[in-house]
Amino acid sequence: QVQLVESGGGLVQSGGSLRLSCAASGRAFSRGAMGWFRQAPGKEREFVATITWNGNTFYGNSVKGRFTISRDNAKNTVYLQMNSLKPEDTAVYYCAAGYGNIWSVRGYDYWGQGTQVTVSS
């Protein structure tokens, strides 16, 4: 069983930056994809970014150009650098890992507990 633990969330003003980390424990996950999703109150969980085992990255339209996902397979850790944050980025951010459809929440088998990101105006 893979356990994922997010960290780095917090409160930041509009235009600021945060860097989220997600550490995996239990088993190595170097051949799977890891991704970030977010969920705001009253909304469904939204795809943010994903990175495949070989380093290919993909982003949701709302964050591309502002967010960067990276992965350190040796450490079983994925990062999300968030720049130029906007109030609409406010959500609980979840780290996920899996072997399925990288664009869908159903493609991931393991999820972290989430970390709150709040962007004030």
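Everything numeric here is computed off the predicted structure, so don't read it as measured data.

Draft legend 1. Quick peek at the sheet that holds strand β1 (residues 3-7). Pairing within the open sheet is antiparallel, and its four strands lie in the order β1-β3-β8-β7. Looking at the sheet topology across the chains shown, the edges are occupied by β1 and β7 (67-72). Pairs of neighbouring strands in the sheet enclose a mean axial angle of 15°, with direction left out of account. As paired elements, β7 and strand β8 (residues 77-82) share six bridges and run antiparallel to each other. Its bridge partner being in β8, Asp72 is matched across the sheet by Thr77.

Draft legend 2. Layout of the nonpolar core. Counting 25 residues, the largest nonpolar core has Trp36, Leu80, Met82 and Tyr93 as the members making the most contacts within it. When contributions to this core are tallied by element, the ones reaching two or more residues are β3 (18-25), β4 (33-39), β5 (46-51), β7, β8, β9 (91-98) and β11 (115-120). Residues within four places of Met82 in sequence aside, it is in contact with Gly16, Ser17, Leu18, Leu20, Arg66, Phe67, Tyr93 and Val117. In this structure, Ala33, Phe47, Ala96 and Tyr108 belong to the second largest nonpolar core, which totals six residues.

Draft legend 3. Representation of the packing of aromatic side chains within the structure. Here the structure, examined in full by the defined rule, presents six aromatic pairs. With 5.2 Å between their ring centres and 75° between their planes, Phe37 and Tyr108 make a pair best called edge-to-face. In this pair, Phe37 is assigned in strand β4 and Tyr108 in the loop between β9 and β10 (110-111), connecting sequence segments 71 residues apart. Exposure class is identical for Phe37 and Tyr108. Each is buried. Of the aromatic side chains, those joined through ring pairs into one cluster are Phe37, Phe47, Phe58, Trp103, Tyr108 and Trp111. Note that Arg45 overlies the ring of Tyr94, its terminal NZ or CZ placed 3.9 Å from the centroid.

Draft legend 4. Quick look at the pairing of β4. Taking burial as the measure, the seven residues of β4 include six buried ones, the bulk of the element. With seven bridges joining them, β4 and β9 adopt antiparallel strand pairing. Note that in β9 the partner of Trp36 across the bridge is Cys95. Judged from the five bridges that link them, β4 and β5 form a sheet pairing that is antiparallel. When the sheet's bridge partners are listed, Met34 is paired in β5 with Ile51.

Criteria and cut-off values
- Residues numbered from 1 in each chain as written.
- Predicted model: local features only at pLDDT ≥ 70, side-chain atom pairs only at ≥ 80, totals over all residues.
- Heavy atoms only, no water.
- Pairing = 2+ DSSP bridges.
- Helix = DSSP H or I, 4+ residues; strand = E, 2+ residues; numbered from the N terminus.
- Axes fitted to C-alpha atoms, helices over the stretch in contact; angles between N-to-C directions.
- Core = buried A, V, L, I, M, F, W, Y, C linked by side-chain atoms within 4.5 Å.
- Buried < 20%, exposed > 50% of the residue type's maximum accessible area, 1.4 Å probe, protein only.
- Contact = heavy atoms within 4.5 Å.
- Phe/Tyr/Trp six-rings, centres within 6.5 Å; stacked < 30°, edge-to-face > 60°.
- Lys NZ or Arg CZ within 6 Å of the ring centre and 35° of its normal.

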